[in-house]
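Tertiary structure, described
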Amino acid sequence: MAGQDGSQTLAAAAEPLFEIRETPAGFLGAFARVPIARGTLVLDDPPLFTLDAPLQAYLFQRAQSGSGGGPTPVEGEEEEEEPPKTLEEFLDKAIRTMLSWKTDEQRKEFWDLANTRPELPPAYGIFATNAVQTTGETGGMFLLLSRFNSSCRPTLSRPAWNPSTNSTRLYALRDISPGEELTWTYLNVTFEFEGVEARKAEMLRVFEFECCCEACDDERLSAEERAASEKRLLRLRRLKERIGWTEEGRAAEQTSGRTEVLREMVELSRQEGLWETADRLEKAIEQA
Ligand SMILES: C[S@@+](CC[C@H](N)C(=O)[O-])C[C@H]1O[C@@H](n2cnc3c(N)ncnc32)[C@H](O)[C@@H]1O
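Scoring rules and cut-offs
- Residues numbered from 1 in each chain as written.
- Predicted model: local features only at pLDDT ≥ 70, side-chain atom pairs only at ≥ 80, totals over all residues.
- Heavy atoms only, no water.
- Near = heavy atom within 4 Å.
- Polar contact = N/O pair within 3.5 Å; in protein donor to acceptor, adjacent residues only side chain to side chain.
- Areas by Shrake-Rupley, 256 points an atom, 1.4 Å probe, with all protein chains shown as cover.
- Helix = DSSP H or I, 4+ residues; strand = E, 2+ residues; numbered from the N terminus.
- Buried < 20%, exposed > 50% of the residue type's maximum accessible area, 1.4 Å probe, protein only.
- Contact = heavy atoms within 4.5 Å.
- Axes fitted to C-alpha atoms, helices over the stretch in contact; angles between N-to-C directions.
- Nonpolar A, V, L, I, M, F, W, Y, C, P; charged D, E, K, R; others polar.
- Phe/Tyr/Trp six-rings, centres within 6.5 Å; stacked < 30°, edge-to-face > 60°.

**Observations concerning the site of the ligand**
The local shell around the ligand holds 17 residues, among which Leu28, Arg147, Asn149, Ser150 and Cys212 are the closest. One of the side-chain nitrogen or oxygen atoms of Asn149 is found 2.7 Å away from a nitrogen atom of the ligand. Taking Ser150, its main chain carries an N or O atom lying 2.8 Å from a nitrogen atom of the ligand. Its free accessible area being 560 Å², the ligand has 92% of it covered by the protein chains.

Structure, rendered in structure tokens:
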């Protein structure tokens, strides 16, 4: 797909790190083209535009109350269109305005993105399907990041907004082989659930899709692997409860056996493919 490979993102790399192509599930995703070492900056993507939700809600309210949603139009440039009746229509219009400032190619790439929210006005539907938080309640629309799928065993870190480069970044959590899918976890709490079904239900509730990643899809996971995964997740959850992560729990951090519990959690996280969790737990051991 034109303009949708890693060469755009990391111009310094000798070869593009990834390509965008169809996944076995039939939608698009990002795949490693070359071996990628753990810790590599895989994506550094500036937003096409951002949308500040509270500001937009405020402007919509102002427009509704008749105090105007923007500057007073000059003679001959009054709005001819019907004013938006709902916040969704208002946001859709704001997005279309921002798109009008972009190039034809950028607009095309935006309109080609996935839209799993057909109940919404179309530009806002694309935004709702793909946007990722930058800071506070601001959502960023990223043309490349939007092609990266979710996995409950992600190969990449969660998007980190970098205010100095005005871009969001993804790093490799482990060594990645050519052909492997590059994913991050849309849900940040992969072992907070009473098993895989509860996690899938939460994905459906929050993101409105049935997760078919390698950790969730029964077609990609044997019954034994699934049972082992369930067992690990449950054990992780129990151990986490035992040592506690609240301020209260921290007070009890030095209780005997805590380091052993953390070590067991690191091992279980690695076996489960939760590399970021394993790293965080290792840091906690170092700091103890
Ligand atoms: C940000 S887009 C990712 C790229 C998208 N697959 C595409 O074709 O452009 C998010 C959408 O991709 C799909 N998706 C991402 N991760 C998924 C997963 N683990 N299981 C099922 N669908 C997923 C969902 O439809 C979701 O709304």
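**Details of the side chain of Glu272**
Tracing the backbone shows Glu272 in helix α9 (residues 258–272). Take Glu272: its relative accessible area is 1%, and that puts it in the buried class. A distance of 2.8 Å separates the side chain of Glu272 from the side chain of Ser229, its partner in a polar contact. Within the local environment of Glu272, its side chain forms a polar contact with the side chain of Arg232, the two groups lying 2.8 Å apart. With near-sequence residues (within four places) excluded, Glu272 lies in contact with Arg153, Ser229, Arg232 and Leu233.

**Some points on the packing of helix α3 (residues 87–100) against helix α4 (residues 104–112)**
One way to put it is that α3 packs onto α4 with a least axis distance of 9 Å and a crossing angle of 145°. In this structure, α3 uses Ile95, Arg96, Leu99 and Ser100 to contact α4, whose residues at the interface are Arg107, Phe110 and Trp111. Looking at the contact of α3 with α4 residue by residue, the classes come out as four nonpolar, one polar and two charged.

**Focus: the packing of aromatic side chains**
Inspection of the entire model under this criterion finds 11 aromatic pairs. When the centroid spacing of 6.0 Å and the interplanar angle of 50° are considered together, the rings of Phe49 and Phe110 count as tilted. Of this pair, Phe49 sits in strand β4 (residues 49–52) while Phe110 sits in helix α4, and the two are 61 residues apart along the sequence. The class for Phe49 is buried, based on a relative accessible area of 5%. For Phe110, a relative accessible area of 0% puts it in the buried group.

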